[in-house]
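Listed below are the residues making up each chain.
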Amino acid sequence: MLRLIKNETGKIFAKKSSWIYMLILFAVVLTVAIIQQSFFEKPDENWRAELEHEIATLEKQLETASPEDQEWILYQIERNKAYLEENVNPNARSNWHFMNNTVYVIMGTMVTLFAAIVAGASVSSEYDAGTIKQLLIRPHYRWQVLLSKYISVLIYSIGLLAVLLVIGFIIGTVFFGAGDFNEKFFEESLEGRKLVSAGEQMLWKVLYYLPGLVIIVTIAFMLSTLFKSQSLAVGVSIFVLFISSTIGGALIMLAEKFEWVKFLIFPHLDLTVYVFQDKILQDVTLPMSLMILAVYYVIFMAVTFTVFQKRDVAG
């Protein structure tokens, strides 16, 4: 089994596209870092005095502002006071800020996309290339062959994530300096403002990102076994990936009226929301989301292996 996994992992890394995806990640992270360094001003050492002056200005504006503008002005005043009370420079920049703001976004978009493409092509490419027969005449059970492919795809996906994190940390350090792991900064969500540790926050984001990545890879891998056409399998995988966030947002609004919506998979694909808030969909917590994803995972894997076991590859 280990030899099968090694062979399948080797197949992935033998493709130029697998390395190109890593180069793209490097290029994107580097480009964003250059843009941010070029257009964003360096943090001012007198930031406290600036915030106090801004608060005084906003309080004067509040007296003559319309009711619509007063809410926004009050929000800005409260935000600035929070920065002062916690001694947090709102314009501070370091490698950990870069990781939380930039690398986090790239992680949730490009890494997921590239992983889905590789997973979608994993089995279907064997049909397209006509090598599926040679693959199955080896002295191994079909489920062993398929499992080795699945594990190799997961290894590559985790590898992509690791490459992004290392690249992001190094480039962030070079451009913005090495920040303190425990450096505090504010992150905002629908539940309000939250004071967090920069390094710890990024670790939680990565941890909560992994289940969604595994599910997306599993869906793409399932489609790769269902479709013999590589282009079709990859195309459908990308389509599912892009509509998942849109559907998830729409379903969150529908959940207030329909109880069954909470059991659909789409609202639970991005568990990083739990880094910012404790609940989604009213009463849905992290354990429930994980349980729902686990049920879907079992279903997807059952479909994948059942179809591959019964599929006729003689034709």
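So, a few notes on the structure that sits alongside this text.

Cut-off values and rules
- Residues numbered from 1 in each chain as written.
- Predicted model: local features only at pLDDT ≥ 70, side-chain atom pairs only at ≥ 80, totals over all residues.
- Heavy atoms only, no water.
- Core = buried A, V, L, I, M, F, W, Y, C linked by side-chain atoms within 4.5 Å.
- Buried < 20%, exposed > 50% of the residue type's maximum accessible area, 1.4 Å probe, protein only.
- Helix = DSSP H or I, 4+ residues; strand = E, 2+ residues; numbered from the N terminus.
- Contact = heavy atoms within 4.5 Å.
- Axes fitted to C-alpha atoms, helices over the stretch in contact; angles between N-to-C directions.
- Parallel < 35°, antiparallel > 145°, perpendicular 65-115°, else oblique.
- Left-handed = near helix turned anticlockwise from the far one by under 90°.
- Nonpolar A, V, L, I, M, F, W, Y, C, P; charged D, E, K, R; others polar.
- 1 Å grid on protein atoms, 1.4 Å probe; cavity = no way out; pocket = protein on both sides within 12 Å on 5 of 7 lines; lining within 4 Å.
- Points joined across faces, edges and corners; volume = space filled by probe spheres on them.
- Salt bridge = Lys/Arg side-chain N within 4 Å of Asp/Glu carboxyl O.
- Polar contact = N/O pair within 3.5 Å; in protein donor to acceptor, adjacent residues only side chain to side chain.
- Expected span 1.5 Å × (residues − 1).
- Phe/Tyr/Trp six-rings, centres within 6.5 Å; stacked < 30°, edge-to-face > 60°.
- Lys NZ or Arg CZ within 6 Å of the ring centre and 35° of its normal.

1. Focus on the nonpolar core
- Residues Leu25, Phe114, Leu160, Leu164 and Ile265 are the most contacted members of the largest nonpolar core, which totals 71 residues.
- When contributions to this core are tallied by element, the ones reaching two or more residues are α2 (16–39), α5 (95–122), α8 (142–176), α9 (198–226), α10 (230–254), α11 (273–276) and α12 (286–310).
- The dominant element in this core, judged by the number of residues it contributes, is α5, at 17 residues.
- Leaving out residues up to four positions away in the same chain, leucine 25 has contacts with Ile106, Met110, Val111, Phe114, Leu160 and Leu164.
- With twelve residues, the next largest nonpolar core counts Leu51, Leu58, Leu84 and Phe186 among its residues.

2. Remarks on the packing of α8 against α12
- Closest axis-to-axis distance for the α8/α12 pair is 9 Å, and the angle between their directions is 130 degrees. When the interaxial angle is binned, α8 and α12 end up oblique. As α8 packs across α12, the resulting crossing turns out to be right-handed. Residues Arg142, Trp143, Leu146, Leu147 and Tyr150 of α8 form the contact with α12, whose own contacting residues are Tyr297, Met301, Thr304, Phe305, Phe308, Gln309 and Lys310.
- Here the contact of α8 with α12 is built from residues that sort into eight nonpolar, two polar and two charged.

3. A look at the layout of surface pockets
- The calculated volume of the second largest pocket comes to roughly 470 Å³.
- Mapped by element, the contributors of at least two residues to the lining of the second largest pocket are α5 and β1 (184–189).
- Ranked by residue count, the leading element in the lining of the second largest pocket is α5, at four residues.

4. A word on the pattern of salt bridges
- Counted according to the given criterion, the structure contains four salt bridges.
- Of the charged contacts in the structure, one is a salt bridge between glutamate 8 and lysine 11, with a shortest N-O distance of 3.4 Å. Pair noted here: glutamate 8 and lysine 11 are both in helix α1 (residues 2–14), with a separation of three residues, about one helical turn.
- Lysine 11 gets classed as partly exposed once you look at its relative accessible area, which sits at 31%.

5. Re the side chain of asparagine 100
- The topology assignment puts asparagine 100 in helix α5.
- Polar contacts involving the side chain of asparagine 100 include one to the main-chain carbonyl oxygen of tryptophan 96, which spans 2.9 Å.
- Apart from the residues lying within four places of it in its own chain, the contact partners of asparagine 100 are Phe185, Glu187, Ala198, Gln201, Met202 and Lys205.

6. Section: α12
- Compared with an ideal rise of 1.5 Å per residue, which puts 25 residues at 36 Å, α12 spans 36 Å between its outermost C-alpha atoms and is within 8% of the ideal.
- Within α12 the residues assigned to the buried category are Leu286, Met288, Ser289, Ile292, Leu293, Tyr296, Phe300, Met301, Thr304, Phe305 and Phe308.

7. Some points on the packing of aromatic side chains
- Per the counting criterion, the structure on display carries 13 aromatic pairs.
- Here tryptophan 96 and phenylalanine 169 contribute two aromatic rings whose centre-to-centre distance is 5.3 Å and whose plane-to-plane angle is 65 degrees, an arrangement assigned as edge-to-face. Residue tryptophan 96 is found in helix α5, and its partner phenylalanine 169 is found in helix α8; the two are separated by 73 residues along the sequence.
- Given the relative accessible area of 12%, tryptophan 96 is considered buried.
- Relative accessible area serves as the criterion here: at 35%, phenylalanine 169 is assigned to the partly exposed category.
- Among the aromatic side chains, those forming a connected cluster through ring pairs are Phe13, Trp19 and Tyr156.
- Positioned above the aromatic ring of tyrosine 104 is the side chain of lysine 205, whose terminal nitrogen or guanidinium carbon lies 4.5 Å from the ring centre.

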